[in-house]
Amino acid sequence: MNLRFGLLGPVQLHRNGRPVPVGTPKQRALLTALLLEPNRVVSIDRLVTSVWDAEPPRFAVANVRTYVNRLRGTIGDGDRLTARQPGYVLAVRDGELDVTEFADALRQGRRSLSAGRPDTALRQVSAALTRWRGDPAEDVPRSAALGPRLDALVEQRCLALETLAEARLMLGEHADAVAELRETVAAHPTRERLWGALMLALYRTGDSAAALAAYGQARAFLAEELGVEPGPELAGLHRRILDRDPALRAAPEAPVPGPVPAVTAPGCLVGREPELKEIVAAIGACPPRPVAVHGPAGVGKSALARHAVHTAAPGFPGGVHHIDLRALPRPGPYATLVRLLGRLGLADDEIAADLDEALHQLRTATTARHALVLLDNVTGEEQVRPLVTGCPGCRFVVTSRRMLAALDDVEHLPLAPLADDAAYEMLARLCGRERVDPAQASRMARLCDNLPLALEIAGKRLAVRREWTAEAFADMLTGDEHRLDLLTCGDLSVRAALDLDYQALRHSGETADGGALALFHRLGERGLADCGPATAAGLLGCDRRTAAAALGRLADLRLMEPLAPDHYRMNGLTRLYAMEIAATT
C-alpha cells in the first residue's frame, strides 16, 4: 500500500494516490502529534495534551484509544500505527512525509550554499519550498503541546526563504530577488534577515532610496508591533547603505575552483580566546603536532576548530580542508583519505585503491604546498591515525567527543561549557543586548547547560521572534517536555547532536557498549541524572565491575561526566534526551 502524509498545510493523507479524509479536528490533532515524531513512541499523556488544550475530559485516555482505532481504519494498514509502551508509534517510510522531504532538501541547499554553489542551493531550496501548501497543520487547533513544534516548522520555512534570497543575491539575480522578497517580508515582517536581503537587493539594483525606505518600514513595524528597534545586523546594513559602502555594490563572487577550498569561520565565537590562541599556536609550531579538541556534544568543538583553521589559513598554500566524519556508518581511514584527496583535486579513478598507496599520493600532493586539515567529529583513533602520523606535509586539527588518548604526539585540548559571563555575551551578540538582561540570560544559560550550541539556537530564535521577551522564552525553556523542541532552529538541533552519540552506541557490536546502552535506557526511564557503580549495578542487575565499565563507556562518549570515582552525572539536556529515548524503547 502506498501512503503519503502531509503536514505542510492542511493535514493530508493519500492512500494509493487518492486523498483520504482524516476525520474530526481532534483526530487530525492526534495524527499531527504522531507525524511530528515519526517512527518514535509518543506517550498517551503527550497525545492527550496535543488533542485537548484545556483541561482534558475525564475519559481522555479512552477517547485517545478510540481515535487511534479510527485512525488505523483511515490509514488502512493496521501495522503502521501500533501500541508500544507508554503510547503509540506511527511507522513512516522514506518519501512518505512532506516534513522530512522538506528538511532534507533544505539541509542539502544550505550545505551547497556554504560550499559556494549558489546555483545548486537555489535549485534545492526551491524544491524544498514546493512542499509547502499553507501554514503547518493549519486545520488543527493549536494546543500548548503542538504549538511550539508547529512554530518550529514555520521557522524552518523562513530559514529556507532566507537561504533562497541569499542564493539569488550570490548569483546576482537582484531584480528577481526584489520581487520575491517584497511578498516574503509582507508575509513574515518580523524576520529581520529577510528585510536585510530586500534592502541589499534594492541597493544592488541601483535603488538606494527604496532600500532606505525598506529599512524605515521594517523599523516602523518592529516598533509598532513588538516595541523593539532593529537588531545590530539590520541597523549596520542601514548605516553601510547610507555610507554607500563599496563592498555592498557587487554580489559576492562564488569561490574560484582550485586547490584551496575555503573553511568559513562561524559568526559568533565567545569565551574561547585562550583556546583559540592555543590551537593557532600549535598549528604554527615547529616541529608540528596535531591538535585534538575534545568535549561533549554541543560544547562548540567544531566552531572553535573552524575559527582556528580559518585564522591560520594564510600560512598554508595547499589550502584548508574540512572533512566531517559525522555520517553513519562511520568512515574508516581509507574513506577519509579518499575524501581528502578529492578535495586536493584528484578524480575518483585517480585515487589508489590501497591505503598505503593513497597515503603516498597525499604526501606527494602536499610536499611542496603544505595543507591544513580539519578532521571533524572523529569517533576513534583508528579513523585518523594513518593520516595524522603518515603525512608530514599536512597539519591536522581533530575534534572528537572523547579524548583520543591512543594517538601519539598529539596536543589534547579539553573544552568545557561556557562561563556565565561568556554565555550572556553570546546571547547578547545574537539577539541584541537590549533584548536580554543578565538575570534572564543566566536562566537561559542554566537551562541550556551553558552549551554554545544550545545558546546559539536560543539566541537565534530570540533574534527572529522579536515578539518574545527573554523572560517569556526562559519560561518556555523551563518545561522539560518541550525544551529540546525549542532548542531547534533550522538545521541546528541539540537533539540531533546528542543523537549522533546515541546512534553510535546503538549500532556498536561491542559487548561493553551493550551494557552502556542498557544503562542509558534505565537512567532515562527513571529520569536520573546522577549515578555511581552501585546504582548502575542495581539498574542493570549485574556486578559493580560490569556496571563501572558501562558508566565509563558513557563517560567516554560524553553522555555522562565523571565528578568523582564513584559519581557520574548527565547534564540536563542529555537527561531529557535519555528520557525521550527510554519512552521509545
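Keep in mind that what you see is a predicted model, and the values were worked out from it rather than measured.

Okay, the sheet that holds strand E11 (residues 411–414) next. The strand order across the open sheet built from five strands is E8-E9-E10-E7-E11, with neighbouring strands paired in parallel fashion. Looking at which strands have only one partner, the edges of the open sheet turn out to be strand E8 (320–324) and E11. The mean inter-strand angle of the sheet, taken between neighbouring strand axes irrespective of direction, is 15°. Here strand E7 (residues 291–294) pairs with E11 via four bridges, running parallel. Opposite valine 291, over in E11, you have glutamate 411 as the bridge partner. Along the sheet face, helix H11 (residues 273–283) touches E7, strand E9 (371–378), strand E10 (394–400) and E11 and points at about 165° away from the line of E11.

Moving on, we come to the sheet that holds strand E1 (residues 3–6). In a beta sheet, neighbouring strands are held together by backbone hydrogen bonds and run either parallel or antiparallel to one another. Reading across the sheet, the three strands line up as E1-E2-E3 and stay open at both edges, with antiparallel pairing between neighbours. The sheet is open, and its two borders are formed by E1 and strand E3 (18–19), each paired with just one other strand. Relative to strand E2 (residues 12–15), helix H3 (residues 60–75) is tilted by about 45°, and along the sheet it contacts E1 and E2.

Moving on, we come to the environment of alanine 504. Mapped onto the fold, alanine 504 is located in helix H21 (residues 494–506). For alanine 504 and leucine 557, which are 53 residues apart along the polypeptide, the C-alpha to C-alpha distance reads 9.1 Å.

With that settled, the discussion passes to the pattern of salt bridges. Tallying each qualifying case throughout the model produces 35 salt bridges. The salt bridge partner of glutamate 101 is arginine 4, with a shortest N-O separation of 2.6 Å. Here glutamate 101, found in helix H4 (residues 98–114), pairs with arginine 4, found in strand E1; they are 97 residues apart in sequence, far enough to count as distant. Note on arginine 4: relative accessible area 29%, which makes it partly exposed. The residue glutamate 155 makes a salt bridge to arginine 465 at a minimum N-O spacing of 3.5 Å. Remark: arginine 465 occurs in the loop between helix H18 (452–464) and helix H19 (470–478) and glutamate 155 occurs in helix H6 (residues 147–170); sequence separation between them is 310 residues. Judged by relative accessible area, glutamate 155 falls into the buried class, the value being 5%. The class for arginine 465 is buried, based on a relative accessible area of 15%. Several salt bridges converge on common partners, so that one network encompasses Glu37, Arg40, Arg46, Arg149, Asp485, Arg495 and Glu580.

Criteria and thresholds
- Residues numbered from 1 in each chain as written.
- Predicted model: local features only at pLDDT ≥ 70, side-chain atom pairs only at ≥ 80, totals over all residues.
- Heavy atoms only, no water.
- Pairing = 2+ DSSP bridges.
- Helix = DSSP H or I, 4+ residues; strand = E, 2+ residues; numbered from the N terminus.
- Axes fitted to C-alpha atoms, helices over the stretch in contact; angles between N-to-C directions.
- Contact = heavy atoms within 4.5 Å.
- Salt bridge = Lys/Arg side-chain N within 4 Å of Asp/Glu carboxyl O.
- Buried < 20%, exposed > 50% of the residue type's maximum accessible area, 1.4 Å probe, protein only.

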